[in-house]
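Next come the chains, spelled out residue by residue.
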Amino acid sequence: MTVQEMKAAACRAIDEHGEEIIALAKAIELEPELGYKEYKTAAKVQAELDKLGFEHRDGVALTGVVTPIEGRSHKARVAIMGELDAVLVPGCPTADPVTGAAHCCGHNAQAASVIGVAYALKDTGIMDELDGDIVLMHVPSEEFVELEFRKGLIDEGKISLAGGKQEFVKLGVMDDIDAMIMQHSIEAFEKDGKTVMAFPYGAGGLGFVGRLVRYTGKASHAAMPWQGINALKAAQVGMLAIDAQRETFSPQDNIRVHPIITKGGDLVNVVPSDVRVESYVRGASTEAILNAAEKVDRSFRAGADAIGAQVEITKLPGYMVVQECAALNKIAYDNLCGIFGEEHVVPKDAGVSTDAYDLSNFMPVCHMYIGGAKGVLHGEDFKIEDPQSAILNAAKAMVCTAIDLLADGAEKALAVKESFKPNMTREEYLSKWCGL
Ligand SMILES: [Zn+2]
Ligand SMILES: [Zn+2]
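Small disclaimer: the values here were computed from a predicted structure and weren't measured. Position numbers for residues start from 1 in each chain and track the written sequence from start to end. Whichever chain is written first is A, and whichever ligand is written first is 1; the rest continue in order. Where local features are concerned, this predicted model is filtered to residues with pLDDT of at least 70; where side-chain atom pairs are given and counted, the filter is 80 or more; whole-chain, interface and lining totals use all residues. For the side-chain quantities, the full set of heavy atoms in the structure was used; hydrogens and water were omitted.

Segmentation into domains, and thus their bounds, comes from an automatic or database assignment. By domain assignment, the protein chain separates into domain 1 (3-205 + 322-433) and domain 2 (207-316). The distance between the C-alpha centroids of domain 1 and domain 2 comes to 34 Å. Here, residues are in contact when the closest pair of their heavy atoms is within 4.5 Å. Of the residues lining the interface, nine residues belong to domain 1; the matching set on domain 2 comes to 15 residues. Summed over both partners, the accessible area (1.4 Å probe) lost when two parts come together is defined as the buried area. Taking both sides of the interface into account, the surface hidden between domain 1 and domain 2 amounts to around 1100 Å²; carbon and sulfur atoms contribute 61%. A per-residue breakdown of the area domain 1 buries against domain 2 is headed by F144, L147 and E148, which together make up 48% of the total. Only one rule defines a salt bridge in this text: a Lys or Arg side-chain nitrogen within 4 Å of an Asp or Glu carboxyl oxygen. Taken together, the connections running from domain 1 to domain 2 amount to one salt bridge. By the criterion applied in these results, polar contacts are pairs of N or O atoms within 3.5 Å in which, for protein atoms, one can donate a hydrogen and the other can accept it, and in which residues neighboring in sequence qualify only through two side-chain atoms. Here domain 1 and domain 2 share five residue pairs in polar contact (both at pLDDT 80 or more) between them. For the side of domain 1 that touches domain 2, the element with the most residues is helix 5 (residues 147-155), which contributes three residues. Numbering of helices and strands starts at the N terminus; helices are DSSP runs of H or I of at least 4 residues and strands are runs of E of at least 2.

Take the buried Ala, Val, Leu, Ile, Met, Phe, Trp, Tyr and Cys residues and link them wherever side-chain atoms come within 4.5 Å; each set so joined is a nonpolar core. Three exposure classes are used, based on accessible area relative to the maximum for each residue type with a 1.4 Å probe and protein chains only: buried under 20%, partly exposed in between, and exposed over 50%. Counting residues in each nonpolar core, the largest one holds 70 residues, and the members touching the most others are I80, L130, I134, M368, V399, L405 and L406. If we ignore the near neighbours within four places in the chain, the residues touching L130 are M6, G71, R72, S73, I403, L406 and A407. Membership of the second largest hydrophobic core comes to 52 residues, among which are L161, A231, I289 and W433.

Bringing the coordination of the zinc ion (ligand 1) into the picture now. Donor atoms from the polypeptide that coordinate the zinc ion (ligand 1) comprise C105 (SG), E143 (OE) and H378 (NE2), at 2.0 to 2.2 Å from the metal. Here the donor residues of the zinc ion (ligand 1) share one chain and are spaced in sequence as C-x37-E-x234-H. Here the zinc ion (ligand 1) and the zinc ion (ligand 2) are spaced 3.0 Å apart, linked through C105, which binds each one. Separated by 38 residues along the polypeptide, C105 in the loop between strand 5 (101-102) and helix 4 (107-121) and E143 in the loop between strand 6 (132-139) and helix 5 bring together distant segments of the chain. Grouping residues by exposure puts C105 and E143 together as buried. Water is not part of the atom set, so a site may look incomplete; the donors themselves are N, O and S atoms within 2.8 Å of the metal, or 3.2 Å for Na, K and Ca.

Below, the discussion takes up the pairing of strand 1 (residues 57-60). Regular strands place their side chains on alternate faces of the sheet. Bridge count for strand 1 against strand 2 (residues 64-69) is two bridges, and the pairing is antiparallel. By the bridge assignment for strand 2, R57 is matched with V66. Pairing between two strands is assigned when DSSP locates at least 2 bridges connecting them. Taken together, strand 1 and the strand that follows it, strand 2, pair antiparallel across an intervening segment of three residues, in which A61 is found at a positive phi of about 55°.

Every protein donor of the zinc ion (ligand 2) is listed here as C105 (SG), H107 (NE2), E142 (OE) and H184 (NE2), and their distances to the metal cover 2.1 to 2.5 Å. In this structure, the zinc ion (ligand 2) is coordinated by four donor atoms arranged in irregular fashion, with angles at the metal of 83 to 137°. Between the donor residues of the zinc ion (ligand 2), the gaps in sequence give the motif C-x1-H-x34-E-x41-H. C105 sits in the buried class, given a relative accessible area of 7%. Any coordination sphere not matching a tetrahedral pattern (four donors, all angles between 85 and 135 degrees) or a square planar or octahedral pattern (four or six donors, opposite donors over 155 degrees apart, other angles between 65 and 115) is reported as irregular.

Another aspect to go through is the packing of helix 1 (residues 3-16) against helix 11 (residues 387-419). Only the contacting stretch of a helix is used when fitting its axis, a line to C-alpha atoms as for every element, and angles between N-to-C directions run 0 to 180 degrees. Axis separation between helix 1 and helix 11 bottoms out at 9 Å; the angle between their running directions is 155°. Comparing the axis directions of helix 1 and helix 11 gives the class roughly antiparallel. Of the two possible hands of crossing, helix 1 and helix 11 adopt the one that is right-handed. Touching V3, M6, K7, A10, C11, I14 and D15 of helix 1 are Q388, L392, A395, K396, V399, C400, I403, D404, A407 and D408, all from helix 11. Polar here means any residue outside two lists: the nonpolar Ala, Val, Leu, Ile, Met, Phe, Trp, Tyr, Cys and Pro, and the charged Asp, Glu, Lys and Arg; Gly therefore counts as polar. Class assignment for the residues of the contact of helix 1 with helix 11 results in eleven nonpolar, one polar and five charged. In what follows, roughly perpendicular refers to angles from 65 to 115 degrees, roughly parallel to angles under 35, roughly antiparallel to angles over 145, and oblique to any angle outside these ranges. Whether a crossing is left-handed or right-handed is set by the direction in which the near helix is turned from the far one by less than a right angle, anticlockwise for left-handed and clockwise for right-handed.

Although it is not a glycine, Y36 sits at a positive phi angle of roughly 65°. Position of Y36 among the secondary structure elements: in the loop between helix 2 (18-30) and helix 3 (39-52). For Y36, a relative accessible area of 2% translates into the label buried. Although it is not a glycine, A410 adopts a positive phi angle of roughly 55°. Accessibility expressed as a relative area gives 0% for A410, which makes it buried.

Further remarks concern the packing of aromatic side chains. Side-chain rings of Phe, Tyr and Trp, where Trp is taken by its six-membered ring, are said to pair if the distance between their centres is within 6.5 Å; with planes under 30 degrees apart they count as stacked, over 60 as edge-to-face, and otherwise as tilted. In this structure the tally under the stated criterion is eight aromatic pairs. Taken together, a centroid distance of 5.3 Å and an interplanar angle of 80° make the contact between F144 and Y319 edge-to-face. Of this pair, F144 sits in the loop between strand 6 and helix 5 while Y319 sits in the loop between strand 15 (310-316) and helix 9 (326-340); the two residues are 175 residues apart in sequence, bridging distant segments of the chain. Relative to Y280, the ring of F208 has its centre 3.9 Å away and its plane inclined at 5°; by these criteria the two rings are stacked.

It is worth spelling out helix 4 at this point. If you check helix 4, its first and last C-alpha atoms are 21 Å apart, about what 15 residues at 1.5 Å a residue would give, namely 21 Å. Along helix 4, 15 of the 15 residues are buried, which leaves the element largely enclosed by surrounding structure. Among the residues trailing helix 4, D123 stands out with phi positive, at a value near 55°. For a helix, the expected span equals 1.5 Å multiplied by the residue count minus one.

Now for the pairing of strand 16 (residues 365-374). Judged by how many residues are buried, strand 16 sits mostly within the fold: nine of ten residues are covered. Where strand 7 (residues 179-187) and strand 16 come together, eight bridges link them in parallel fashion. What sits directly across from S185, in strand 16, is I370. The pairing of strand 10 (residues 198-199) with strand 16 spans two bridges and is antiparallel. The partner of A198 across the bridge, within strand 16, is I370. Relative to strand 17 (residues 383-384), strand 16 runs antiparallel, the two being bridged by two bridges. Considered in strand 17, the bridge of A373 is made with I384.

Now for the packing of helix 9 against helix 11. Where helix 9 meets helix 11, the closest approach of the two axes is 9 Å, and the angle between their N-to-C directions is 140°. Relative to helix 11, the element helix 9 lies oblique. Handedness of the helix 9/helix 11 crossing: right-handed. Here A327, L328, I331, A332, N335, L336, I339 and F340 of helix 9 come into contact with helix 11, specifically with S389, N393, K396, A397, C400, T401, D404, L405, K412, V416 and S419. Partitioning the contact of helix 9 with helix 11 into residue classes produces eleven nonpolar, five polar and three charged.

Here it is in structure tokens:
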């Protein structure tokens, strides 16, 4: 088969099984689960892989599923990733009524699109023509949330890192992978008079560090607060001090600090003695993030100092700033143009954060953004409106990019690898950024 014939066969298989692939996304949407708790979601993915007869490794980083598919030779190995976790948006119509979890980041579409790739590679003869392997990865916990719960898992030794891809690196799952491809769903938008349906560039993706803060005061009757130490007041002063720093953040550093109080007290007639805060310090460069984080830590401490409370700040490695792999993005760009038409593919900065960007610091990563969603990302109205685009076209874009990489002696995969200049090694990533 020529490369074009392989791509056509892959796209045909995805279209032929479109209904099943879209039904999987719907089933996952209706049982949303937060990171490192995606057991039902993983079971749905495993059932699809079983149906297709692919062998898979389960329970990787608690809930992850890894499915290696071998080519005729093994000159390179490409990972295609989808995420399993939801976010907490209780007001979303499809939110879980008990937990409030909802797929307002579209990971249900991602997980299903990777199964779309599985359909494309099953009985189409494509793998017999490729000189490398494709490893499908359903990865837990992209959303860096519920920091207290995750710290508990770390303390229990169940995981080492809060992000699922971070944990995959720690577990060695990425050791033999030469390039990684994935995508997030977006709402189509207008730019330069064009309707943009897709873009492959993650430039401008922000990094961040995480903070889990615990203020300890002294409980007393709320009618006699002079007998206590109010931990909530300490947290309020700490957050005010952060706000006082904002004018010192330079615009080009894109610093965003957005603390939330996850526990503000126990009973209304007791002076709060245990208050918890979670925050990110986001920014456009590692240096700027660390600089701002120092100001944030100082502010949190100042709150405790002012009130006479105690504060414990747990520093969590968040996600790194993206490093763009131009050679890999160009291959993805050409495939997106083939699927959506050149007039609907426009390079654009991403502006968000993901642990996919961590990987981009030591291996070629292509993170595409593909239209078909509607509504505000992480908002109540976010949904997959056009599954043909968000799920099936996404699967086509990923598998076609992988075919390009691994066809003809895996020439393009090896060239991408050759052109890529890592910022650090995996080992440096784990020791310097993750602190392991
Ligand atoms: Zn998200
Ligand atoms: Zn996401």
